[in-house]
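# Structure at a glance
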Amino acid sequence: MATLTPTLTLTCNDLFSSPTSVSASVSLAVSGAGSGNIQRVACDDNPQAAGAGVLIPLSGVLGIAAAKKTFVYIKHTGLEVDGSTADATDTVLIRNATAGEEGINITLAPNEFAFFPLAAGIHISTAEFGGGLSITKVAANVMVDFAYFAQT
Amino acid sequence: MATLNSTLTLTGTAADFGNAIAISVSDATVLAAGKAVVHKIVTVDHIAAVTNFTNPQIFDAGNMGRCLVYIKNIHGSKEIFLVETAAEAVDGDVFMHLEPGEFAIFPWAAVMDIFATTGADGAGQAESGLEYMIWEI
């Protein structure tokens, strides 16, 4: 077992008369093996040999059973697929690994990031959106950073 | 116009992961004038457990545009699941699973609603159990 500690701070000093400040942190028990590898992928890459853009297949990944809940970190790098040219406009859709609008519906603009606990396969109906996770380009292809941590 | 600054760090030791994990990312989100800002703490239950209860709605795609969502399970013991309908009565259609103390941050597309439930009937009520903040962007 390994421990992952995510910490989030949100601050806004100019929306209300009083500044907004939120901070959250938690210790997560995750699997050390197979977790934590940060990958930089293009939206049409096939890093899991499960189809273009599939980051977490329905069948699980790297020995992590599909029934495991997974903590996901993903960031739009703001870079085109050459890995160096800045892209300030193109967005990325993050959905479950099956087609359709149901389930996860995250849109990352350049430099935006997300961190969330993706529900385990045991909680997901394959008749609906099936679980897993995938990315899709909206227009031009871009690079994202991605890491996952399976709950023990 | 205002600016919301968000910073996320992920840390883990080399002993646990083989290599130390030290991810730190920041972003500045511009909040345009006239956009919605929501900050709530709600009670979450399961719809089959309480008469006339419906899952509390976190995000309304019909009335809000793309948003940055921060959500945290602040209950001491109950699990909370995010689902897409007010009438979701089973565990089969959840997409996020927040255990006590866990949180999430994500920019949500204005396509699907978000509701919360404690899961299967009998899971119990998470009174004042879910905190969330939404900034329309």
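Residues numbered from 1 in each chain as written. Chains lettered and ligands numbered in written order. Predicted model: local features only at pLDDT ≥ 70, side-chain atom pairs only at ≥ 80, totals over all residues.

### Thoughts on the overall build of chain A
In terms of regular secondary structure, chain A is built from zero helices and 11 strands. When burial is assessed residue by residue, chain A has 45% of its 152 residues classed as buried. Relative to all contacts within chain A whose residues are 6 or more apart in sequence, the contacts with residues 24 or more apart total 73%. (Helix = DSSP H or I, 4+ residues; strand = E, 2+ residues; numbered from the N terminus. Buried ≥ 20, exposed ≤ 12 C-beta atoms within 10 Å, placed from the backbone. Contact = placed C-beta atoms within 7 Å.)

### Considerations on the overall build of chain B
The helix and strand tally for chain B stands at one helix and 10 strands. Written out in order from the N terminus, the α and β elements of chain B read β-α-β-β-β-β-β-β-β-β-β. Within chain B, the proportion of its 137 residues that are buried is 43%. Counting contacts in chain B only where the partners sit at least 6 residues apart, residues at least 24 apart contribute 77% of the total.

### What to know about the interface of chain B and chain A
Taken together, the 44 residues of chain B in the interface contact 46 residues of chain A. Of all the secondary structure elements, the ones that give two or more residues to the side of chain B that touches chain A are β1 (2-12), α1 (14-17), β2 (21-31), β5 (67-73), β7 (96-98) and β8 (103-108) of chain B. No other element matches β1(B), which puts 11 residues into the side of chain B that touches chain A. Here seven bridges tie strand β1 (residues 2-12) of chain A to β1(B), and the two strands are oriented antiparallel to one another. Its bridge partner lying in β1(B), A:Thr11 is registered against B:Asn5. (Pairing = 2+ DSSP bridges.)

### A short note on unusual backbone geometry
Residue and element names in this part refer to chain A. Here alanine 49, not a glycine, exhibits a phi torsion of approximately 55 degrees, which is positive. Looking at where alanine 49 falls in the secondary structure, it is placed in the loop between β4 (39-42) and β5 (54-56). Even without being glycine, asparagine 111 reaches a positive phi, approximately 75 degrees. Along the polypeptide, asparagine 111 turns up in the loop between β8 (106-108) and β9 (113-118). Take asparagine 111: there are 17 C-beta atoms within 10 Å of it, and that puts it in the partly exposed class.

### Focus: the domain arrangement of chain B
Residues and elements named next belong to chain B. By domain assignment, chain B separates into domain 1 (1-33) and domain 2 (35-136). At the interface, six residues of domain 1 touch four residues of domain 2. Within the residue set of the side of domain 1 that touches domain 2, elements represented by two or more residues are β1 and β2. With three residues, the single largest contributor to the side of domain 1 that touches domain 2 is β1. For the side of domain 1 that touches domain 2, the residue count by class is four nonpolar, two polar and no charged. (Domains from an automatic or database assignment. Nonpolar A, V, L, I, M, F, W, Y, C, P; charged D, E, K, R; others polar.)

### What about the environment of A:Val142?
Residues and elements named next belong to chain A. Along the polypeptide, valine 142 turns up in strand β11 (residues 142-150). Along the sequence, valine 142 and alanine 33 sit 109 residues apart, while their C-alpha atoms lie 28 Å from each other. With sequence-adjacent residues up to four places away left out, valine 142 is seen in contact with Cys43, His76, Thr77, Leu79, Glu80, Val81, Asp87, Asp90, Val92 and Lys137.

### Details of the pairing of β9(A)
All names here are of chain A. Counting buried positions over the six residues of β9 gives six, a clear majority of the element. Alignment of strand β6 (residues 70-80) against β9, held across six bridges, turns out to be antiparallel. Counterpart to phenylalanine 71 in the pairing with β9 is proline 117.

### Concerning the confidence of the model for chain B
All names here are of chain B. For chain B, mean pLDDT is 88; residues scoring 70 or higher make up 88% of the total. The secondary-structure element of chain B with the lowest mean pLDDT is strand β6 (residues 80-83), recorded at 89, while β8 shows the highest, at 98. The ipTM assigned to the predicted complex is 0.94, against a pTM of 0.93. (pLDDT = per-residue confidence, 0-100.)

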